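Coordinate inspection notes
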Amino acid sequence: MSGIIQKDSKIAVLCGGLSSEQEISRRSGKNCFEALKRLGYTNVDLVEVDENIATKLIGYEYAYNALHGKYGEDGCIQGVLEFLKIPYTGCGVMSSAICMNKEYTKKVLSTAGLPLITSVLITKGDNLYEKVKDLNYPMMVKPVSEGSSFGMAKVNNADELAKAVFNAAQFNQDIMIEEYLTGISATVGVLEKDGELFATEILELRPHNEWYDYEAKYTKGMTDFILPAEISEEMTKKVKELAVKAFKTCGCSGVSRVDFLITDIPYILEINTSPGMTDTSDLPAQAAAMGITYDELVDMTLQSAGLNK
C-alpha cells in the first residue's frame, strides 16, 4: 500500500482523548504531526479527540491514530472511523479490542500455543485469596485494560496483594494477577510495509526501578535501552518469530509492539496496538536500530492506513 496517500491529502493526527494516557498521546501526536509536515504533507492537522470527534473529522480523508489507552486503542475510535469511512493507521476494531484487554489477549494467544506466564483473572465479587492460591509470590497485579503501567504493582505478600488489587480496581474492575518472574524485559515492534510483516530489532529494557513502571517508561535516564538486546542469536530469532506470530494470531495490522519477559523461555506479556511515539518511546528506537528514521517510521505507518481491518 506504500505510496497511495498523496502529499496533499487531508490528514487528521488524532491525539489527547479521554483516557489516563491523554498527555502521553499529545506528546506522540505532536511528534507525528511534525514528522508529517517535514515529510511534505501539506494538509495535516493535529486534532484533539473528545466527545465531538465525529463532527471534528468531517472532511478528512485519513486519520493517523496517535491515541493511547481507553477509547483510543480499544476499538472505539476505530469503530467511529469505520462508520465515517475514514481510513486510519494501526489495528482494526477487533484486534484493538482484544489486545487492549490483557486477559483476552492471553486467551487468543493460548489458542496458538504461544508461551504465557501463569496468571488468574479477578473480577468483582471473586474471593481474591481463593483465586490466587495456586500462584507463587511475588506477583504482578495489572488492570486488564490499562496502559503505561497505570495501576500495576509488584507484591510480595497477602497484605500487599490486597492493597494493590484495591488500587488497580480504581482503573479497571477486572484485574490480572500474574506470577512475577525474573528475566530480561524486552520489546519488539512488528511493522507492515507493502503488505509484508517484519519484526524490528529487539529492545532490552533495564529500568533503574525494580520493574518497568510509569516513571521508568517516561522519564529520561530512568531506563537503560540495550539495542540490540543482549540475548543469543537463537533467542533473537525465536522472539522475532513469536512477535510476528502473535501479531497475526490477534489479527493486528499496520503496526504493533509485542512485550516479552525472557527467561529460558520468551514469554509474551502483551501486545500494544498503538505504540508510543514520544521522544522516549520504544518503537522509534527499535526502528532507528534498523536504519529506519522517525520520519520514515511515521510515513510507513501512514501508508498502512485502511478500513475493514
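Analysis parameters
- Residues numbered from 1 in each chain as written.
- Predicted model: local features only at pLDDT ≥ 70, side-chain atom pairs only at ≥ 80, totals over all residues.
- Heavy atoms only, no water.
- Helix = DSSP H or I, 4+ residues; strand = E, 2+ residues; numbered from the N terminus.
- Buried < 20%, exposed > 50% of the residue type's maximum accessible area, 1.4 Å probe, protein only.
- Contact = heavy atoms within 4.5 Å.
- Pairing = 2+ DSSP bridges.
- Axes fitted to C-alpha atoms, helices over the stretch in contact; angles between N-to-C directions.
- Phe/Tyr/Trp six-rings, centres within 6.5 Å; stacked < 30°, edge-to-face > 60°.
- Lys NZ or Arg CZ within 6 Å of the ring centre and 35° of its normal.

For the rest of this paragraph, the subject is the environment of I268. Topologically, I268 is positioned in strand β12 (residues 266–272). Overall, I268 belongs to the buried group, its relative accessible area being 0%. The sequence separation of I268 and K106 amounts to 162 residues, and the corresponding C-alpha distance is 8.6 Å. Beyond its immediate sequence surroundings of up to four residues, I268 is in contact with L109, L114, P115, L116, L242, A246, V258, D259 and F260.

Here we come to the sheet that holds strand β7 (residues 175–179). Ordered by their spatial adjacency, 4 strands build an open sheet running β4-β7-β5-β6, and the pairing between neighbours is antiparallel. Of all strands in the sheet, those with a lone pairing partner are β4 (119–122) and β6 (153–155), marking the two edges. Between one strand axis and the next, the sheet turns by 25° as a mean value, whatever way the strands run. Pairing geometry for strand β5 (residues 139–143) and β6, over 3 bridges, is antiparallel. Bridged to M140 within β6 is K154.

This paragraph deals with the sheet that holds strand β3 (residues 62–65). Pairing is parallel in the open sheet, where 3 strands are placed in the order β2-β1-β3. At either end of the open sheet lies a strand with only one pairing partner, and these are β2 (44–49) and β3. Going from strand to strand, the sheet's axes swing by 30° on average, the running direction of each strand aside. The sheet contact formed by strand β1 (residues 11–16) and β3 spans 4 bridges and is parallel.

Now for unusual backbone geometry. Put simply, Y137 and P138 share a cis peptide bond, and its omega is -5°. Mapped onto the elements of the fold, P138 is located in the loop between α6 (128–131) and β5. Omega for the bond connecting L227 with P228 falls within 30 degrees of zero, at -5°, which places this linkage in the cis form. Relative to the helices and strands, P228 resides in the loop between β10 (223–226) and α9 (233–249). Residue Y71 is not a glycine yet carries a positive backbone phi of 75°. Turning to its location among the elements, Y71 is positioned in the loop between β3 and α3 (76–84). By relative accessible area, Y71 is classed as partly exposed at 36%.

What follows is about the packing of aromatic side chains. Applying the stated criterion to the full structure yields 1 aromatic pair. Just above the ring of Y60 sits the side chain of K10; from NZ or CZ to the centre is 4.4 Å. Positioned above the aromatic ring of Y88, the side-chain terminus of K309 is 4.6 Å from the ring centre.

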